[in-house]
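Observations on the three-dimensional arrangement
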Amino acid sequence: MSVSLTVDLLDSALYADGNPYEVWRAMREAGPVHHQVAKSGARHWAVVGHEAGKQVLTDWRVFTSTRGTTLRESDNSAPYPGAGKMPVLTDPPRHTELRRAVAPLFTPRAVEKLGALGREVAGALLADLRERGGGDFVTDVAARFPLAVQAEILGIAPDDIPLVLDATGRSADETGDGATGHHDVMAYYLKALGTRRGDAGRDLVGTLLQARTAGLPLSDEEIVLTCDNIVVAATQTAQHAASGALLALLEHPDAWRALRAGRVDPDCAIDELLRFTAPATHVMRTAVCDTELAGTAIRAGDAVAVWIPSANRDGSVFADPDELVLDRRPNPHLSLGAGMHFCLGGPMVRVLLRALLEDLIGAGTSLALANPPVRKSGAVANGLRSLPVTVVPA
Ligand code: HEM
């Protein structure tokens, strides 16, 4: 198949059937770094190789996060909302401070507690799906699961879960106005902040307020933006990871059987499912000085985007990169990022996916595709809108 190397990676048509792996493969074969000019005229360097991608994500002194981490439609050098005020959009030393401020939420003990709750919630959602003989795994399970488990630490009252779920869903809408979703998430936390002073509590807002009391300068705006960063990250990508993982297993019956038979370590399988599905499609940085990346000259101010699913299928790092190999070791995928911005929710993701997998593995019945899945993929995230499943004998 002949693939044009000048294809516009921001073109939504490219993602209609999921990630454009053939395009990325052709690009990788030609080199790890490519100049891209979008239809709008916006330019960026597309990094499709693993080594160069890891370098960009790790070398924050050269590649800053403060100018945005996702490519924009028309001008990648335009000011980015929230820049410098939330963990994902800061560089050290401020980044280290913000990350430390929320660290109490992600201690091994907190994660373990979430694991127990995760098993309970996964059990209830999947039991309900089975009782009905099947349903839509995305709307019935994957979309509800991450927030149902994490609501308490995120400071979201049970009655407010649908409202926040709707807002985070809109915030990630690549075809509409994601800004309204972010706006509603921030309005929710601004209100929470207003009622919380003096009574910090142990959830997200409370933890940030405690950091402020302990002496960290932290404005209300930074608190609200940090909440937005964490809540959107905690719900959307985890949803895509869960539904993507199930689809990958249903499409690879041998792997699914091996997992169910206990022949594969579930933690190892989770890493491979993350590599293979790659819920985050690209992560952007901006060069702060003239530099060189894999032999390509990059100028100060240039936007550089790491195309994660492509890096995850780089044949110089992963044997049989297009195969789902559940016991793949080592597995240095970039699905959760790399370096100091490595996903803060990494341990959460693992316990959430493990809880779902354990329930699916242990069930007396199995699931099968009832109808073809409907994609919700784009240049920012790779997910499913719908995954109709039916209950079948194990
Ligand atoms: C499978 C699900 C997830 C995927 C694929 C994912 C992916 C990522 C990636 C690629 C980054 C790096 C961004 C960058 O370098 O600019 C990141 C950062 C981050 N993630 Fe996740 N994430 C997931 C789930 C979560 C969850 C459940 C949480 C919260 C509980 C979370 C919170 C964050 C935060 C706060 C950051 C920013 C960290 C920083 O800048 O230091 N993520 N995530």
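Now for a quick tour of the structure. (Residues numbered from 1 in each chain as written. Predicted model: local features only at pLDDT ≥ 70, side-chain atom pairs only at ≥ 80, totals over all residues. Heavy atoms only, no water.)

In this section: the site of the ligand. The environment of the ligand is made up of 28 residues, and the closest members are H95, R99, R285, H341 and C343. Here H95 contributes a side-chain N or O atom positioned 2.6 Å from an oxygen atom of the ligand. Among the elements of the structure, helix 3 (94–102), helix 10 (220–251), strand 5 (282–287) and helix 14 (346–362) are those that each provide at least two residues to the shell around the ligand. When residues of the shell around the ligand are assigned to their parent elements, the largest contribution, 7 residues, is made by helix 10. Residue composition of the shell around the ligand, by class: 17 nonpolar, 9 polar and 2 charged. (Near = heavy atom within 4 Å. Polar contact = N/O pair within 3.5 Å; in protein donor to acceptor, adjacent residues only side chain to side chain. Helix = DSSP H or I, 4+ residues; strand = E, 2+ residues; numbered from the N terminus. Nonpolar A, V, L, I, M, F, W, Y, C, P; charged D, E, K, R; others polar.)

Under the defined criterion, the tally for this structure stands at 0 disulfides. Distance from the sulfur of C227, which forms no disulfide, to the nearest cysteine sulfur (C343) is 16 Å. (Disulfide = S-S within 2.5 Å.)

Ranked by internal contacts, the top residues of the largest apolar core, which has 81 residues, are L154, I156, Y189 and L204. For this core, the element with the most residues is helix 10, which contributes 16 residues. When near neighbours in sequence (up to four residues on either side) are disregarded, Y189 contacts L154, I156, L204, V205, V224, C227 and V231. The next biggest cluster of nonpolar side chains, apart from the first, holds 19 residues, and it includes V56, A287, V304 and A311. (Core = buried A, V, L, I, M, F, W, Y, C linked by side-chain atoms within 4.5 Å. Buried < 20%, exposed > 50% of the residue type's maximum accessible area, 1.4 Å probe, protein only. Contact = heavy atoms within 4.5 Å.)

Let us now look at the pattern of salt bridges. Close approach of charged atoms lets side chains of opposite charge pair. Evaluated as defined, the whole model comprises 22 salt bridges. One salt bridge in this structure joins E272 and R328, with 3.0 Å as the shortest N-O distance. With E272 in helix 12 (residues 266–277) and R328 in the loop between helix 13 (308–311) and helix 14, the pair connects residues that are 56 residues apart, well separated along the chain. For the pair formed by E272 and R328, the shared burial category is buried. One salt bridge connects E358 with R354, and the closest N-O pair in it is separated by 2.7 Å. (Salt bridge = Lys/Arg side-chain N within 4 Å of Asp/Glu carboxyl O.)

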